[in-house]
Amino acid sequence: MWRIIFIFFLISVSAQAQQRFVKEVNTIAELKQLNSADINKSCSVKGWLTPNDGGGGLFTADSNSTATPDTGIVIQPNNGVGRWTRSVAGREYHALWWGGTKTNSTLQAAINWVSANGGGWVIVDGGTWLVKSDDSTRITMKSFVSLKTAADTQIVCASSPADNWILIDFPL
């Protein structure tokens, strides 16, 4: 009898410990609501705007950090204290980490961050990415950044997706 009670106690304590140290939320907006000084030092995020949209990941809290937030790798909590930092393996960064929509602003934010932080691959997840046709919002490639796309990825002009032409500048 005492063994059963003791085993139940251990299982209960173990489950509580997991809940205290690894939290799970649905979106980046929910992550921003968490206090980085809380006992939860790790948080699994399911998506950027919605679960499974490609923008999720594992984040670690640093209550003393003042790193510049960038909406992709470094997230500032709403209370302004500390930062949540995305766990990244290697030099591959998914564009959807910088926004939950497949648009030029999301893609450009990823390119800018990767270039400013030593370079690497920006993974452009499958599906259709819509870029605008005006000069102020076209995609501009940066030094030390390469795009890697899925087989079904299309980057098309938003004003006329049927034309299927791409607006990406490759500066010399």
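In this text the structure is predicted, and so the values were computed from the model without any measurement. (Residues numbered from 1 in each chain as written. Predicted model: local features only at pLDDT ≥ 70, side-chain atom pairs only at ≥ 80, totals over all residues. Heavy atoms only, no water.)

Colleague: What should I look at first to understand the overall build of the protein chain in this one?
Modeller: Regarding its fold elements, the protein chain presents three helices and 12 strands. Buried residues in the protein chain amount to 35% of all 172 residues. Per element, the accessible surface of the protein chain, about 9,900 Å² overall, is 56% carbon and sulfur. (Helix = DSSP H or I, 4+ residues; strand = E, 2+ residues; numbered from the N terminus. Buried < 20%, exposed > 50% of the residue type's maximum accessible area, 1.4 Å probe, protein only. Areas by Shrake-Rupley, 256 points an atom, 1.4 Å probe, with all protein chains shown as cover.)

Colleague: I keep staring at the pattern of salt bridges and nothing clicks. Help me out?
Modeller: Oppositely charged side chains are able to pair whenever their charged atoms sit close together. Counting across every chain of the model gives two salt bridges. In this structure, Glu 24 and Lys 46 form a salt bridge, with 3.7 Å as the shortest nitrogen-oxygen distance. One end of the pair, Glu 24, is in strand β1 (residues 22–25); the other, Lys 46, is in the loop between β2 (42–45) and β3 (57–62), and 22 residues separate them in sequence. With relative accessibility at 36%, the residue Lys 46 sits in the partly exposed group. Residue Glu 92 is joined to Lys 148 by a salt bridge in which the shortest nitrogen-to-oxygen separation is 2.6 Å. Of this pair, Glu 92 sits in strand β6 (residues 92–94) while Lys 148 sits in strand β10 (residues 145–149); the two residues are 56 residues apart in sequence, bridging distant segments of the chain. For Glu 92, a relative accessible area of 36% corresponds to the partly exposed category. (Salt bridge = Lys/Arg side-chain N within 4 Å of Asp/Glu carboxyl O.)

Colleague: For this particular structure, what's the right way to read the pairing of strand β7 (residues 120–124)?
Modeller: A regular strand places its side chains so that they alternate between the two faces of the sheet. With four of five residues buried, β7 is to be regarded as a mostly interior element. Of the pairings in the sheet, the one linking β6 to β7 comprises three bridges and is parallel in character. By the bridge assignment, His 94 is partnered in β7 with Ile 123. Following the backbone out of β6, through helix α3 (residues 104–116) and into the adjacent parallel β7, one traces a crossover that is right-handed. (Pairing = 2+ DSSP bridges. Right-handed = clockwise from strand over helix to strand, strands pointing away.)

Colleague: In this structure, what is going on with the sheet that holds β1? I would like to understand it.
Modeller: The strands that make up a sheet are held in pairs by hydrogen bonds between backbone atoms, and each pair lies either parallel or antiparallel. Taking strand neighbours across the sheet as the criterion, the five strands line up as β1-β2-β3-β5-β4 in an open arrangement whose pairing is mixed. Either end of the sheet is taken by a strand with one partner, and the two such strands are β1 and β4 (74–75). One ladder, built from two bridges, connects β4 with strand β5 (residues 83–86); its direction is antiparallel. If you follow Ile 75 over to β5, its bridge partner there is Trp 84.

Colleague: Quick question: what am I supposed to make of unusual backbone geometry here?
Modeller: Glycine aside, negative phi is the norm for most residues, and most peptide bonds take the trans geometry. Here the phi dihedral of Thr 71 falls at roughly 70 degrees; this positive angle occurs in a residue that is not glycine. Relative to the elements of secondary structure, Thr 71 occurs in the loop between β3 and β4. For Thr 71, a relative accessible area of 35% translates into the label partly exposed. The backbone of Phe 144 sits at a positive phi, close to 65 degrees, despite the residue not being glycine. Note that Phe 144 resides in the loop between β9 (139–140) and β10. A residue is classified by how much of its surface remains accessible, and Phe 144, at 69% relative accessible area, is exposed.

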